[in-house]
Each structure stands twice: as structure tokens, then as C-alpha cells.
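Listed below are the residues making up each chain.
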Amino acid sequence: MKPDWDKLMESFAGSSTQLVADVDCTAGGKPLCDSVGVRGYPTIKWGDPADLQDYQGGRSYDDLKKFADENLKPMCSPKNLDLCDDEKKAEIEKFQSMSDADLNAAIEKEEQKLEDAEEYFKSEVQKLQDRYTALSTEKDEKIEAVKSAGLGLMKAVKAAKPSGSDEL
């Protein structure tokens, strides 16, 4: 993926409205990566720098370029209100009219919902993993019981019997 990403960075180099870059999350870029929720590598984020989203598309140059051409452009935001529809403008104005304390509390409340969703997901996946392990163990025990009951010996006896009929 790295050669395709480097090619994409070159094709957007010098753009005044689009940025395609990479960050080394294992070195000096670690604080930035932590702040935007990078948990694995490689991770691609896109969108408003204050609200980066996870990219879920293909990883080839053509896929990345098509996505970038269609999505990396000025978007509705507090800095680009002229690009917003009336509904988004009203939502932005509502948030702008909130006190810093109220806005921080609202952000924390929504971030807690994200954390709760992640925690719920992890606990449910663990339940599935535990159930899978139990089923696998149960299956292995049943297979061993069948084999111990003489299945292998039955097959050996069957194979040792003369084939065909004795009649002339």
C-alpha cells in the first residue's frame, strides 16, 4: 500500500484545499495518532481535521484516488458555512451558542456513547469467543467418544473382510 499512498500524496502535493499525508505513529506522530483514535496500522483517516473519520474503502491507488477526488474538498463546517444546508447551519449555530462548559459536557456525553458502544462490542465478541471455545471443546469430546467406542476398529474390520460375494 505504501507505494500507492506515496503516489497519491504526490498527486495532491501543492493543493491549497486537499491534504494527503502520512504520520509515523510509532515516533513523533504518536500524540497526534492517539488524539484521533488510531489503533492499528495502517489506518487511513479523512475529513475535517477536528473530526477525522475512518476510511473503509479499497487500498489500491485507483481506489484511493477516486475516493480523494470525490471526498477531499471543502465541506460544511464552522469555517465553511456557505457550504452548509439550512439544517446543518442551524446545528452549527446551536453548538456555537453553547457555553464552553456546556459544549464540553455535550462532547464528553457523545464520546462516552462511543466508548460504551466499543466496550459493549468487545464484551459481546468475548461472549462469542467463549461460546465458540466451549462448542469446539464439546465437539472434540464427542469425536473422541465416537472413536473410543470403536469406530476405527469397525472400519478396520470392514476393510479386512473379503469384498464381493462367495457365491458362484
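These lines cover the structure that appears in this document, whether it is placed above or below. In this text, all values refer to a predicted model and were calculated from it rather than measured experimentally.

Description of the overall build of the protein chain
Thought 1: Assigned secondary structure in the protein chain consists of five helices and two strands.
Thought 2: Secondary structure elements in the protein chain, listed N-terminal to C-terminal, are α-α-β-β-α-α-α.
Thought 3: Computed over C-alpha atoms, the radius of gyration of the protein chain comes to 29 Å, more than 25% over the 15 Å expected from 2.2 N^0.38 for 168 residues, which places it beyond the range of a compact globule.
Thought 4: In terms of its C-alpha atoms, the protein chain occupies a principal-axis envelope of roughly 100 × 40 × 40 Å.
Thought 5: Put simply, the protein chain has 168 residues, and 12% of those count as buried.

What about the packing of helix H1 (residues 2-12) against helix H3 (residues 61-71)?
Thought 1: Interaxial distance between H1 and H3 falls to 9 Å at its minimum, and their mutual angle equals 35 degrees. In this structure, H1 meets H3 at a crossing whose hand is right-handed. Between H1 and H3, the contacting residues are Asp 4, Trp 5, Lys 7, Leu 8, Ser 11 and Phe 12 on the first element and Tyr 61, Leu 64, Lys 65, Ala 68 and Asp 69 on the second.
Thought 2: Here the contact of H1 with H3 is built from residues that sort into six nonpolar, one polar and four charged.

Quick look at the state of the cysteines
The bond known as a disulfide is covalent and runs between the sulfur atoms of two cysteines.
Thought 1: One pass over the structure, following the stated rule, counts two disulfides.
Thought 2: Across a sulfur-sulfur distance of 1.8 Å, Cys 25 and Cys 33 are joined as a disulfide pair. Taking the sign of the S-S torsion, about -70 degrees here, the bridge from Cys 25 to Cys 33 comes out left-handed.
Thought 3: Taking relative accessible area as the criterion, Cys 25 reaches 10% and is therefore assigned buried.
Thought 4: On the accessibility criterion, Cys 33 (4% relative accessible area) is buried.
Thought 5: Along the protein chain, the cysteines that take part in disulfide bonds pair up as 1-2, 3-4, counted in sequence order.

Regarding the environment of Leu 52
Thought 1: Considering the arrangement of structural elements, one finds Leu 52 in the loop between strand E1 (45-46) and strand E2 (53-54).
Thought 2: Along the backbone, Leu 52 and Val 36 are 16 residues apart, and their C-alpha atoms lie at a distance of 6.9 Å.
Thought 3: Setting aside chain neighbours within four positions, we find Leu 52 in contact with Val 36, Lys 45, Trp 46 and Gly 47.

Observations regarding the packing of aromatic side chains
Thought 1: Applying the stated criterion across every chain yields a total of two aromatic pairs.
Thought 2: Between the aromatic rings of Trp 46 and Phe 67, the centroid separation amounts to 5.1 Å while the plane-to-plane angle is 85 degrees, which identifies the pairing as edge-to-face. In this pair, Trp 46 sits in strand E1 while Phe 67 sits in helix H3, placing the two residues 21 residues apart along the sequence.
Thought 3: Ring centres 4.8 Å apart and planes at 65 degrees place the aromatic pair Tyr 55 and Phe 67 in the edge-to-face group. Of the two residues, Tyr 55 sits in the loop between E2 and H3 while Phe 67 sits in helix H3, which places them twelve residues apart along the sequence.
Thought 4: Among the aromatic side chains, those forming a connected cluster through ring pairs are Trp 46, Tyr 55 and Phe 67.

Brief notes about the pattern of salt bridges
Thought 1: Summed over all chains, the structure comprises eleven salt bridges.
Thought 2: Lys 139 is the salt-bridge partner of Asp 140, the closest N and O atoms lying 3.9 Å from each other.
Thought 3: Taking the relative accessible area as the measure of exposure, Asp 140 reaches 42% and is therefore partly exposed.
Thought 4: For Lys 139, a relative accessible area of 47% corresponds to the partly exposed category.

Brief notes about the nonpolar core
Thought 1: Ranked by size, the top nonpolar core spans twelve residues in total: Trp 5, Leu 8, Met 9, Phe 12, Val 20, Ile 44, Trp 46, Tyr 55, Tyr 61, Leu 64, Ala 68 and Leu 72.
Thought 2: Elements with a minimum of two residues in this core: H1 and H3.
Thought 3: Examining the composition of this core, we find that four residues originate from one element, H1, more than from any other.
Thought 4: Leave out the neighbours within four places in its chain, and Trp 5 touches Val 20, Ala 21, Asp 22, Ile 44 and Leu 64.

Parameters and conventions
- Positions within a chain are numbered from 1, following the residues in the order the chain's sequence is written.
- Given that the model is predicted, a residue must reach a pLDDT of at least 70 before its local features are reported, and side-chain atom pairs must reach 80 or more before they are shown or counted; all residues, however, enter totals for whole chains, interfaces and linings.
- Excluded from the side-chain calculations are hydrogens and water; all other atoms, namely the structure's heavy atoms, are used.
- Numbered from the N terminus, helices here are DSSP runs of H or I no shorter than four residues, and strands are runs of E no shorter than two.
- Each radius of gyration is computed over the set of C-alpha atoms, and the globule rule expresses the reference value as 2.2 Å times the number of residues to the power 0.38.
- Per-residue accessibility, obtained with a 1.4 Å probe over protein chains only, is compared with the maximum for each type, and a residue is labelled buried under 20%, exposed over 50%, and partly exposed between these values.
- Note on geometry: axes are lines fitted to C-alpha atoms, helical ones only across the stretch in contact, with angles between N-to-C directions running from 0 to 180 degrees.
- In a left-handed crossing the near helix is turned counterclockwise from the far helix by less than a right angle, and in a right-handed crossing that turn is clockwise.
- The contact definition used throughout considers only heavy atoms, calling two residues in contact when any of these lie within 4.5 Å.
- Note that Gly is not counted as nonpolar here; it falls among the polar residues with everything else outside the nonpolar set of Ala, Val, Leu, Ile, Met, Phe, Trp, Tyr, Cys and Pro and the charged set of Asp, Glu, Lys and Arg.
- Disulfides are defined in this document as cysteine sulfur pairs within 2.5 Å.
- When the centres of two rings from Phe, Tyr and Trp lie within 6.5 Å, Trp using its six-membered ring, the rings pair. Their planes under 30 degrees apart give stacked, over 60 give edge-to-face, and anything left gives tilted.
- Think of a salt bridge as a Lys or Arg side-chain nitrogen and an Asp or Glu carboxyl oxygen that are within 4 Å of each other.
- Nonpolar core, defined: a set of buried Ala, Val, Leu, Ile, Met, Phe, Trp, Tyr and Cys residues in which side-chain atoms within 4.5 Å join the residues together.

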